Amino acid sequence: MKNSADIIKKVLLSEKGMILSEEQNKYMFSVAMAANKVEIKRAVEELFNVRVMAVNTMRRKGKKKLSRATRKFGTTAASKRAVVTLHADDSINLI
């Protein structure tokens, strides 16, 4: 079994993430690319001691970037996000 700290990389504190957490009790996390929904659910429940109702994931492609020095294109790293819905009675203190 994978370590929970290896699955959940960080909590995403963006404007959209803050609106989701305040209005719909959903939290955004940056997660490992190989992690599935079941592993993400277990990791969040273990790390934050909350009840998870649903997990939605999305893979984000790396963006194409131009190198100034060599004038060649490269890409930034791809990432995976998870939007976790918590039980109505639970919450995560982000600050």
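What you are looking at is a predicted structure, and each value in this text was computed from that prediction instead of being measured.

**Q** Lay out unusual backbone geometry in plain terms, naming residues and giving numbers.
**A** Among all residues save glycine, negative phi is the norm, and among peptide bonds the norm is trans. Phi at asparagine 25 is positive, roughly 60 degrees, even though this residue is not glycine. With respect to the secondary-structure elements, asparagine 25 resides in the loop between α2 (15-24) and β2 (26-31). Not every positive phi belongs to a glycine, and asparagine 49 is a case in point at roughly 55 degrees. Residue asparagine 49 is classed as exposed on the basis of its relative accessible area, which comes to 69%.

**Q** Tell me about the side chain of serine 30, residues and numbers included.
**A** With respect to the helices, strands and loops of the structure, serine 30 is situated in strand β2. When residues no more than four places from it in sequence are discounted, the contact partners of serine 30 are Ile7, Ile8, Lys9, Lys10, Leu12 and Lys80.

**Q** Describe the pattern of salt bridges, with residues and values.
**A** Considering all chains together, one arrives at two salt bridges under this definition. Arginine 51 is the salt-bridge partner of aspartate 89, the closest N and O atoms lying 3.8 Å from each other. Of this pair, aspartate 89 sits in the segment after β6 (79-86) while arginine 51 sits in the loop between α3 (37-48) and β3 (52-60); the two residues are 38 residues apart in sequence, bridging distant segments of the chain. Since its relative accessible area comes to 40%, arginine 51 is described here as partly exposed. Arginine 51 is the salt-bridge partner of aspartate 90, the closest N and O atoms lying 3.1 Å from each other. Of this pair, aspartate 90 sits in the segment after β6 while arginine 51 is found in the loop between α3 and β3, placing the two residues 39 residues apart along the sequence. Exposure remark for aspartate 90: the relative accessible area of 15% places this residue in the buried category. Through salt bridges with shared partners, a single network forms among Arg51, Asp89 and Asp90.

**Q** Mind laying out the pairing of β2, listing which residues take part and the relevant values?
**A** Burial within β2 is extensive, with five of its six residues counted as buried. The pairing of strand β1 (residues 8-11) with β2 spans three bridges and is antiparallel. Note that in β2 the partner of valine 11 across the bridge is phenylalanine 29. Summarising the sheet, β2 and β6 pair through six bridges and their orientation is antiparallel.

About the cut-offs
Residues numbered from 1 in each chain as written. Predicted model: local features only at pLDDT ≥ 70, side-chain atom pairs only at ≥ 80, totals over all residues. Heavy atoms only, no water. Helix = DSSP H or I, 4+ residues; strand = E, 2+ residues; numbered from the N terminus. Buried < 20%, exposed > 50% of the residue type's maximum accessible area, 1.4 Å probe, protein only. Contact = heavy atoms within 4.5 Å. Salt bridge = Lys/Arg side-chain N within 4 Å of Asp/Glu carboxyl O. Pairing = 2+ DSSP bridges.

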